[in-house]
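Spelled out, the chains give:
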Amino acid sequence: MQPISDSLNVSQRLDLKHDSPSLRWWFNDVFLLAQRNLKRMLRSPDLIFYAVVQPVVFILMFVYVFGGAIKVPNLDYKQFLMPGIFVQTIVFGSVAATAIGVALDMQRGIMDRFLSMPISSFSVLLGRQLSEILRNIGLVCVLTIMSLVVGFRFHGSLLSVLGGIGLLLLVGFAFSWVATFIGLVSGSAEAAQSAGLMWLFPFTFVSSAFVPTSTMPGWLQLYAKHSPISAMADTLRHLFNGQPTTGSLWEALIWSIVIIAIFMPLSIRRFRRGRA
């Protein structure tokens, strides 16, 4: 658990420098708050451990337990599965970690302390998003190593692979805003965790992340083919396997932008209401 004194130290540093607000101060606010959130993560090794173990368990379970039963036309199942695991891990991690972290800060009154100072509400929330992006970069490194161990190979160009990783980070950023809103409206960390995970399992599994959508009932295929998770998993699959992205890339980008456009202002508005 992070000592309250650490948050107060950040608060004091933010308080001391706002005699003449400027864009430089705004960036400094975001950096300080991101630094505070990163320190909190590093002081919770159990959370880091579970964040790493969960995707490893999913990879081993799907590759060695379900892999023999799931057939994908013209593609080895590992090459089909791993992009979906990448998306699922980033989305789950972004939602669970952010929702719980925001709810804890609200519950302990730390956010009230930040909001009592002359800093923008947006910088407080964006600082957390920046720390989540850095955490997701670490997760991508773990996933990449694990995927190579089980036999997955990147057949796309370096530019395609880096583009896929960039899309992953954008996806994580988008869903972190969803989680931020959940954390702000939840009464406790437990409620935030339940509210965050309750819809994620069907949302993730009813997609092309783990199985081809052609195996699903016809009435379900229409949604599954065009869900945000399917668009993102299919795009990553094409980029990592060196295939044309067709329309899935634009669909993934549109979904990410729409999610951000909805939940970023909702989160900021809800945060400011908490100040009143």
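Colleague: Now, about the overall build of the protein: what can you tell me, with residues and values included?
Modeller: Broken down by element type, the protein carries 12 helices and 0 strands. Across the protein, helices and strands are ordered from the amino to the carboxyl terminus as α-α-α-α-α-α-α-α-α-α-α-α. Taking 2.2 N^0.38 as the reference for a compact globule, 276 residues should give roughly 19 Å; the C-alpha atoms of the protein span a radius of gyration of 20 Å, in line with that estimate. Each of the three principal axes of the protein carries a C-alpha extent, and together these read 65 × 35 × 35 Å. Of the contacts made within the protein by residues no fewer than 6 positions apart, 79% connect residues no fewer than 24 positions apart. When the accessible area of the protein is evaluated, it comes to approximately 12,900 Å², of which 69% is carbon and sulfur surface.

Colleague: Summarise the confidence of the model for the protein; cite the residues concerned and give the values.
Modeller: A low pLDDT score tells you not to read the predicted coordinates there in detail. Per-residue confidence for the protein gives a mean pLDDT of 83; residues scoring 70 or more make up 90%. Of all helices and strands in the protein, the one with the weakest mean pLDDT is helix 1 (residues 4–15) (51), whereas helix 11 (residues 228–240) scores best (94). In the model, residues 16–20 has pLDDT below 50 throughout and makes 8 contacts with residues more than four positions away in sequence or in other chains.

What counts and what doesn't
- Residue numbers run consecutively from 1 along every chain, following the written order of its sequence.
- Confidence filtering applies because this is a predicted model: local features only for residues at pLDDT of at least 70, side-chain atom pairs given and counted only at 80 or more, and all residues used for totals across whole chains, interfaces and linings.
- Computation of side-chain values: all heavy atoms of the structure, hydrogens and water removed.
- Note on conventions: DSSP H or I runs of at least 4 residues are helices, E runs of at least 2 residues are strands, and numbering of each starts at the N terminus.
- Only C-alpha atoms enter the radius of gyration; for comparison, a globular chain is expected to reach 2.2 Å times N to the power 0.38, where N is the number of residues.
- By definition, residues are in contact when any of their heavy atoms lie within 4.5 Å.
- The Shrake-Rupley method, run with a 1.4 Å probe sphere, supplies the accessible areas, and residue values consider only the shown protein chains as cover.
- The predictor rates its confidence in each residue with pLDDT, a number between 0 and 100.

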